[in-house]
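Now for the letters of each chain:
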Amino acid sequence: MSPITLNEIPDELKEFIGDIKSLTFPRQGWTSDVGILETTSGAFYALKRTKETLYNTWLEKEVDVLHTLCTETKLPVPQVRKFLAESSKNQSWALMDFLDGETLRTALFNETNLEKRRELIYNFGQILGEIHSTPCPGSLKHGEPWLDNMLLKAEYNFKCHNVDGTRDILDSIKANKPDKFKQTLIHGDYTIDNVLVHNGVISGVIDWSGGAYGDPRYDTALAVRPKPYAFQNEEDNTLFFKGYGSRIITNSDYDYFVNGLYEFF
Ligand SMILES: Nc1ncnc2c1ncn2[C@@H]1O[C@H](COP(=O)(O)OP(=O)(O)O)[C@@H](O)[C@H]1O
Ligand SMILES: [Mg+2]
């Protein structure tokens, strides 16, 4: 079954979109349904729909972050055109500009030229460096310190949702926080599925619900996790951090974030 059917799209969105020529589906993420719409007048949109309160909250947060980044930074992120919370159905919708390209996952999978593949890994690091050196918009700098907030959410997710993390891991990450580090604008889920590539060049960064003023080591740790076709060896790590600008994480920071904190999200 399609992740989204045409008759599910609320009238308010349909009025804005106009006549729809096609609705296609990229590889789906875990927390939402995404369809790519083409209109008869030649416009393209990405339509993202979430269900259940937790994921609806994440989508609303993503929309806020995208509005802020679009107005206050030059980062390559999609502009949100419409957001709609359909409370009667406990679902939310965000209609945003479609960014040309394929995910970095697909690009790495299809790239047979070693030099071009290396360039993609280098650029994956470089764009993250740009995100972390972008002055963080004031509206994202609020509330608890990022890590304390994440630990509270981890505790909540452990109690209320199905997560991989265990009580032991949770106690350990609460007791053994990494050394303090300069906070920056962070993405919060910087993976090869959330970075788009067009004609061999990184064209966009999407999926910003974790965007915050937070610990940049978290983004770098998630980015360099080994996956099929990437980060299977030290060479990719070296290229990534060369693009990024410096190697900001130690092995134990990596372990804290990837095998610790991330197990609760
Ligand atoms: N604005 C966009 N432009 C182009 N493709 C997009 C856009 N937004 C999402 N996609 C595609 O949809 C997929 C899932 O979207 P994403 O926002 O990452 O959802 P999730 O939060 O479920 O991971 C992405 O990997 C990408 O292929
Ligand atoms: Mg995603």
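Residues numbered from 1 in each chain as written. Chains lettered and ligands numbered in written order. Predicted model: local features only at pLDDT ≥ 70, side-chain atom pairs only at ≥ 80, totals over all residues. Heavy atoms only, no water.

Undergrad: Any chance you could break down the coordination of the magnesium ion (ligand 2) for me, citing the residues and the numbers?
TA: Those donors, Asn194 (OD1) and Asp207 (OD), are the protein atoms that reach the magnesium ion (ligand 2), and they lie 2.1 to 2.3 Å from it. Of this pair, Asn194 sits in the loop between β7 (184–186) and β8 (195–198) while Asp207 sits in the loop between β9 (201–205) and β10 (212–214), placing them 13 residues apart in sequence. (Donors = N, O, S within 2.8 Å, 3.2 Å for Na, K, Ca; no water. Helix = DSSP H or I, 4+ residues; strand = E, 2+ residues; numbered from the N terminus.)

Undergrad: Can you break down the site of ligand 1 residue by residue, with the values?
TA: With respect to spatial proximity, 20 residues lie near ligand 1, and among them Ser32, Lys48, Asp97, Leu99 and Asp207 are the closest. In the model, an oxygen atom of ligand 1 is placed 3.1 Å from a nitrogen or oxygen of the Thr31 side chain. Contact distances for ligand 1 include 3.0 Å between an oxygen atom and a backbone N or O atom of Asp193. Tallied by class, the residues present in the shell around ligand 1 amount to 10 nonpolar, 5 polar and 5 charged. When residues of the shell around ligand 1 are assigned to domains, at least three map to each of domain 1 (6–97) and domain 2 (102–264). (Near = heavy atom within 4 Å. Polar contact = N/O pair within 3.5 Å; in protein donor to acceptor, adjacent residues only side chain to side chain. Nonpolar A, V, L, I, M, F, W, Y, C, P; charged D, E, K, R; others polar. Domains from an automatic or database assignment.)

Undergrad: Give me the sheet that holds strand β1 (residues 20–24): which residues, what numbers.
TA: An order of β1-β2-β3-β5-β4 is seen for the 5 strands of this open sheet, with the pairing classed as antiparallel. At either end of the open sheet lies a strand with only one pairing partner, and these are β1 and β4 (80–86). Taken over all neighbouring pairs, the strand axes of this sheet differ in orientation by 20° on average, direction set aside. When strand β3 (residues 44–51) meets strand β5 (residues 91–97), the two strands line up antiparallel, connected through 7 bridges. Bridge assignment links Lys51 to a residue of β5, and that residue is Gln91. (Pairing = 2+ DSSP bridges. Axes fitted to C-alpha atoms, helices over the stretch in contact; angles between N-to-C directions.)

Undergrad: Which residues make up the pattern of salt bridges, and what are the values?
TA: Pairing is possible between side chains that carry opposite charge, provided their charged atoms lie close to one another. Counted by the stated rule, this structure contains 20 salt bridges. Two residues, Arg49 and Glu8, come together in a salt bridge whose shortest N-O distance is 3.3 Å. Of the two residues, Arg49 is situated in strand β3 and Glu8 in the segment before α1 (11–17); the sequence distance between them amounts to 41 residues. Overall, the relative accessible area of 1% leaves Arg49 in the buried class. (Salt bridge = Lys/Arg side-chain N within 4 Å of Asp/Glu carboxyl O. Buried < 20%, exposed > 50% of the residue type's maximum accessible area, 1.4 Å probe, protein only.)

Undergrad: Just give me the short version of the packing of aromatic side chains, but keep the residues and values in it.
TA: Within the structure shown, the criterion is met by 15 aromatic pairs. When the centroid spacing of 5.4 Å and the interplanar angle of 70° are considered together, the rings of Phe124 and Phe240 count as edge-to-face. Here Phe240 lies in helix α8 (residues 234–244) and Phe124 lies in helix α4 (residues 114–133), a separation of 116 residues in the sequence. We note that Phe124, like Phe240, is buried. Between Tyr218 and Tyr262 the ring centres are 6.4 Å apart and the planes differ by 65°, which places this aromatic pair in the edge-to-face class. Of this pair, Tyr218 sits in helix α7 (residues 216–223) while Tyr262 is found in the segment after α9 (251–258), placing the two residues 44 residues apart along the sequence. You can call Tyr218 buried: its relative accessible area is 2%. The class of Tyr262 is partly exposed, set by a relative accessible area of 21%. Across from the ring centre of Tyr213, 4.9 Å away, lies the NZ or CZ of Lys141, which sits over that ring. (Phe/Tyr/Trp six-rings, centres within 6.5 Å; stacked < 30°, edge-to-face > 60°. Lys NZ or Arg CZ within 6 Å of the ring centre and 35° of its normal.)

Undergrad: Explain the UniProt feature "domain: Aminoglycoside phosphotransferase" (unreviewed entry) in the chain to me, using residue names and the numbers behind them.
TA: In this numbering, the UniProt entry assigns the feature "domain: Aminoglycoside phosphotransferase" (unreviewed entry) to residues 24–225. A distance of 30 Å separates the end C-alpha atoms of residues 24–225, which is 39% helix and 23% strand. (UniProt positions renumbered as here; feature names shortened; annotations may be inferred.)

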